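Chain residues, written in single-letter form:
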Amino acid sequence: MALTFKGGVFVGERKRSAKCNIEYFEPKSVLLPCGAHSLSVGQSVACGEALGEDAEGIIWHASVAGTVKELLERNGRPYVRIERDESGSEICPVEPAEKSLSELSPDEIVEKIRLAGIFGLGGGRPTYKKLMAAIGRADRLIINCAESEPYASADHRVLLERPEEVVNGAKILLRALAIRAAYIGIEENKYDCADAVDAVVGPGELVRVRMLKTKYPQGSEKMLIHAITGRELGAGHSPEEVGCMVVNCRTCAAVFRAVAYGKALTHTVVTVDGGAVSRAHNIQVPIGTSVEDILEYCGVKKVDTVVLGGAMTGRRVEDTSTPVISESSLLCTSRRQRVRDGDNCVRCGKCVTACPMNLVPAMLYEACRRKNAKKAQKLNLQSCIECGACAYVCPARLPILEAVRSMKEPASETACANAPQTELVAELVEAQTDEKKDGAQEKDKMTRLSPKEQKKKRADTEYAGVLSAVDQWAEDAGMDVKGGGEAASIKELAGAFEEDEKNG
Ligand code: SF4
Ligand code: SF4
């Protein structure tokens, strides 16, 4: 039975990119953060060479071999522009592990991950910090391959094409954590990934697959932990506090390359999709490649909206010279201008049902819009995981997520005021409306049936509806609908369901 959480929405998959193999693209130049300016213009650098370390202890590496062309500041942080040359010189900043995994100490693994500059490829803290915090506290390692954002398929392709890197990375992390249970969470729309993992994982291995229901935001840390372990992660708490460490599957692959081959994190896989690209792509690019270069590679000639990070949670890119960083795994494009926001809540309550954090988004929106911080705190603003499910279901098209973000991050109010996803959400909603139209055509067909046939068809449909209600109820109650578990027969389940309904 697929695991899941309460709330959330079905946003439609729109994953045509899932069938696209990873391509490789090297731009003429990259723009990289570099910690501090210890470099000089004209200096030659090799791919993988350390460029500097920032105050947080994050080491930045050159993602191409070439020459330093410019030192600059962006948003108060030092950056370096490197022009690529054809030398192809590469440096491995980490000593590749010569000993077997069981001989490596947790400290050695942490240090290798730090030196390789591995940063959460699904977002979040530097991996070495996450690992240090989890050592001695986590008893479960969860590898996130849920990828519930519409359009996104970078994780899918990496797991499908490089399953051994992900599985071996998971084993390295298990060794560092000194635990024996890792679960790869995969949504039901990626059974091919589960097969790929099964093909490299032997029987009785410590890394196992857990299938998850295809639902948004299944890929959120909190939802994933709840679906796989049943543990609740409260607002403001980190996974290790409930005994878990969660890493993205691409981070796992990077950990493997760092420990086994001494390679720094220099490249990332980006899905490019949306209305402005004729063909979807999954491209491996050096970190620091500009959005502009990626769009040009994909043959995009005209684009009105570019969103980095996904239709539901991403942010609009105003300046296409913006470089992609390690966590930028999705670039969505649209040929439409910003959709006008609505302004009146119609009190339908859909956002409340959709919110996976049990908040009341309609009230939260009102408090944030009026800049009433006290009320927003009372409504648990800090618990909002910024998934955007409320904005997606809202029939009034209220910019709920933007309002919440501007309240949470007043300093970046201008960035938040730019709609992150309204155009793309509008496309998704339209696609679902088309699916509903297909349903209406089905209804038309019904009216052409004889009264007897109509009666039979309705009875069948109603029966299917009852069964799916029972299925849902059984899943919520943690029972196995398919049999082989606690409650085997659908009759027993239906009886228990009716009893439960009667008791309210
Ligand atoms: S209020 Fe926050 S957590 Fe709830 S659905 Fe909206 S964005 Fe997601
Ligand atoms: S979904 Fe939109 S219109 Fe409906 S209650 Fe929530 S905010 Fe109001």
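Just so you know, these numbers come straight off a predicted model, no measurement behind them. (Residues numbered from 1 in each chain as written. Chains lettered and ligands numbered in written order. Predicted model: local features only at pLDDT ≥ 70, side-chain atom pairs only at ≥ 80, totals over all residues.)

Draft legend 1. The overall build of the protein chain, seen in detail. Secondary structure summary: the protein chain contains 17 helices and 16 strands in total. Per-residue burial for the protein chain yields a buried fraction of 45% across its 504 residues. Long-range contacts, defined here as pairs at least 24 residues apart, represent 72% of the contacts in the protein chain between residues at least 6 apart. (Helix = DSSP H or I, 4+ residues; strand = E, 2+ residues; numbered from the N terminus. Buried ≥ 20, exposed ≤ 12 C-beta atoms within 10 Å, placed from the backbone. Contact = placed C-beta atoms within 7 Å.)

Draft legend 2. Seen up close, the pairing of strand β13 (residues 281–286). Most of β13 sits inside the fold, with 5 of its 6 residues counted as buried. Pairing analysis gives 6 bridges linking strand β12 (residues 267–274) to β13, with the strands arranged antiparallel. Residue V272 lies in a different strand from β13, and its bridge partner there is H281. Between β12 and the antiparallel strand that follows it, β13, lie 6 residues. (Pairing = 2+ DSSP bridges.)

Draft legend 3. Region of the structure containing the site of ligand 2. Close contacts around ligand 2 come from 15 residues, with C345, C348, C351, A362 and C394 the closest. For the shell around ligand 2, the secondary-structure elements that each account for two or more residues are α9 (350–354) and α10 (361–369). Among the elements that line the shell around ligand 2, the one with the most residues is α10, at 3 residues. In terms of residue class, the shell around ligand 2 is built from 12 nonpolar, 1 polar and 2 charged. (Near = placed C-beta within 6 Å. Nonpolar A, V, L, I, M, F, W, Y, C, P; charged D, E, K, R; others polar.)

Draft legend 4. The arrangement of the site of ligand 1 in detail. Near ligand 1 you find 16 residues, and of these C355, P361, C384, C387 and C390 are the closest. Secondary structure elements with two or more residues in the shell around ligand 1: α10, α12 (389–393) and α13 (400–408). At 3 residues, α13 tops the list of elements feeding residues into the shell around ligand 1. Residues of the shell around ligand 1, tallied by class, amount to 14 nonpolar, 1 polar and 1 charged.

Draft legend 5. Inspection of the nonpolar core at higher detail. One finds I143, L173, C252, V255, V270, I294 and I400 to be the most contacted residues of the largest nonpolar core, which totals 124 residues. The greatest single-element share of this core, amounting to 8 residues, is contributed by helix α7 (residues 249–261). Residue assignment places this core across two domains, with domain 1 (93–261) and domain 2 (350–418) each supplying three or more. Here V255 is in contact with I113, I118, T127, G169, I172 and L173, once residues within four sequence places are set aside. (Core = buried A, V, L, I, M, F, W, Y, C linked by C-beta atoms within 7 Å. Domains from an automatic or database assignment.)

Draft legend 6. Broad picture of the environment of A62. For A62, the location among the structural elements is in the loop between β5 (59–61) and β6 (66–74). Overall, the presence of 30 C-beta atoms within 10 Å leaves A62 in the buried class.

Draft legend 7. Highlighting the sheet that holds β13. Spatially, the 6 strands line up as an open sheet ordered β1-β13-β12-β16-β14-β15, and their pairing is mixed. The open sheet has two edge strands, β1 (22–24) and β15 (315–316), and neither has a second partner. Across the sheet, helix α3 (residues 154–161) lies against β1, β12, β13 and β16 (330–334), angled at about 125° from β12, the strand it touches most. (Axes fitted to C-alpha atoms, helices over the stretch in contact; angles between N-to-C directions.)

Draft legend 8. Helix α5 (residues 191–200), seen in detail. Inspection of α5 places C193, A196 and V197 among the buried residues, and these make up the whole buried set. Buried residues of α5, seen end-on, are gathered within an arc of 95° and therefore sit on one face of the element. In α5, those exposed residues whose orientation departs by more than 90 degrees from the buried face are Y191, D195 and A199. Tucked inside the fold, the buried residues of α5 contact β8 (140–145), α3, α4 (163–177), β9 (182–187) and β10 (207–212). (Arc of directions from axis to C-beta.)

Draft legend 9. Layout of the environment of I82. Within the secondary structure, I82 sits in strand β7 (residues 77–84). A residue is classified by how many C-beta atoms lie within 10 Å of it, and I82, with 28 of them, is buried. The spatial distance from the C-alpha of I82 to the C-alpha of A62 is 8.0 Å, given a sequence separation of 20 residues.

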